[in-house]
Every structure is written in C-alpha cells, then in structure tokens.
Amino acid sequence: MDYLKLNNPTTLSGVESQRIKMVKYLNSSLSDVLYIFDESSVGLHPEDIKGISNIFKGLKERGNIFIFVEHNPDMIKECDYLINLGEGGGISGGEITFQDNYPDLLKSNTITARALLKEHQINDKIGKLFCIL
C-alpha cells in the first residue's frame, strides 16, 4: 500500500483498513499465536501476495499457526494443510470434500482441483474506446 501517503488526507476502503491492521500484527515478534484470516489476499497485486506470503512464512517459523479462508491459488499453494469445504451452494455446500496437502488436492477429483488445473486464457481481443464529448 505504498500509494498511501501519511501527509495526504484520505479515506481508506474496508480492505485497506483491514490490511493496515493485519500488517500491525504480522510485524510483531509474538510466537505461539493463532491467526485467522478471511480472504487476506483479496485485491492484492501478485507481487504483494508474494510479500505477504513471505511474512507468513517467517511468522510460521516462530511457532505461529495460521488459518486462512482463501480462494487465491497462489495463497492456497503456500498452505501446509488444506481443508476443502464446499463445494456447492446452499444445502449442497458445507461438506468436507478434501483434506491433505496441495499436490494431493490437485490429484483429487474435486471441483476445486479441476478449477485449479484448468488452463485459463486471457482475453487478447482488442476492444474500442469511445469518448462522447
């Protein structure tokens, strides 16, 4: 969040405010702490995800435990143990469909594994920009 300047008045979004609180705790030297994060990577640039992941690794080495509710594949890869809860909505959801590590998740026959393994295409079509003056 280097785009925020201390000398400029600004209003933070809910996500930005949550990130500031998160960094406050993640920069501490506490150990034996259980951290629970809900969608900690939402809105982050991929480079920021690498940075926050490195912070989590350092804190994990101090004996802390992290529980993530997460959907970002780059963050999911970093987890030591995964519990896939879902996978449908409403009454079809809430069942544990997988428990183990990331490589084994990719081998499972879950909706999540199929989504993670699916090759994604970036739309390379060039659109048009119209201006009405």
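Rules behind the numbers
- Residues numbered from 1 in each chain as written.
- Predicted model: local features only at pLDDT ≥ 70, side-chain atom pairs only at ≥ 80, totals over all residues.
- Heavy atoms only, no water.
- Helix = DSSP H or I, 4+ residues; strand = E, 2+ residues; numbered from the N terminus.
- Polar contact = N/O pair within 3.5 Å; in protein donor to acceptor, adjacent residues only side chain to side chain.
- Contact = heavy atoms within 4.5 Å.
- Phe/Tyr/Trp six-rings, centres within 6.5 Å; stacked < 30°, edge-to-face > 60°.
- Buried < 20%, exposed > 50% of the residue type's maximum accessible area, 1.4 Å probe, protein only.

A. Spatial organisation of the side chain of Ser108. Mapped onto the secondary structure, Ser108 falls in the loop between α4 (102–107) and α5 (111–117). A polar side-chain atom of Ser108 sits 2.6 Å from the main-chain carbonyl oxygen of Leu105. Of note is the side chain of Ser108, whose polar atom sits 3.1 Å from the side chain of Thr110. Each residue touching Ser108, except ones within four places of it in the same chain, is listed here: Phe98 and Ala113.

B. Expanded view of the packing of aromatic side chains. Evaluated as defined, the whole model comprises 8 aromatic pairs. Measuring from centroid to centroid gives 5.9 Å for Phe37 and Phe68, while their planes differ by 20°, and the two rings are stacked. You can see Phe37 sitting in strand β1 (residues 34–38) and its partner Phe68 sitting in strand β2 (residues 65–69), a full 31 residues away along the chain. Taking relative accessible area as the criterion, Phe68 reaches 22% and is therefore assigned partly exposed. With a centroid separation of 4.8 Å and 70° between ring planes, the pair formed by Phe56 and Phe68 is classed as edge-to-face. Residue Phe56 is found in helix α2 (residues 46–61), and its partner Phe68 is found in strand β2; the two are separated by 12 residues along the sequence. Aromatic ring contacts, followed pair by pair, group Tyr35, Phe37, Phe56, Phe66 and Phe68 into a single cluster.

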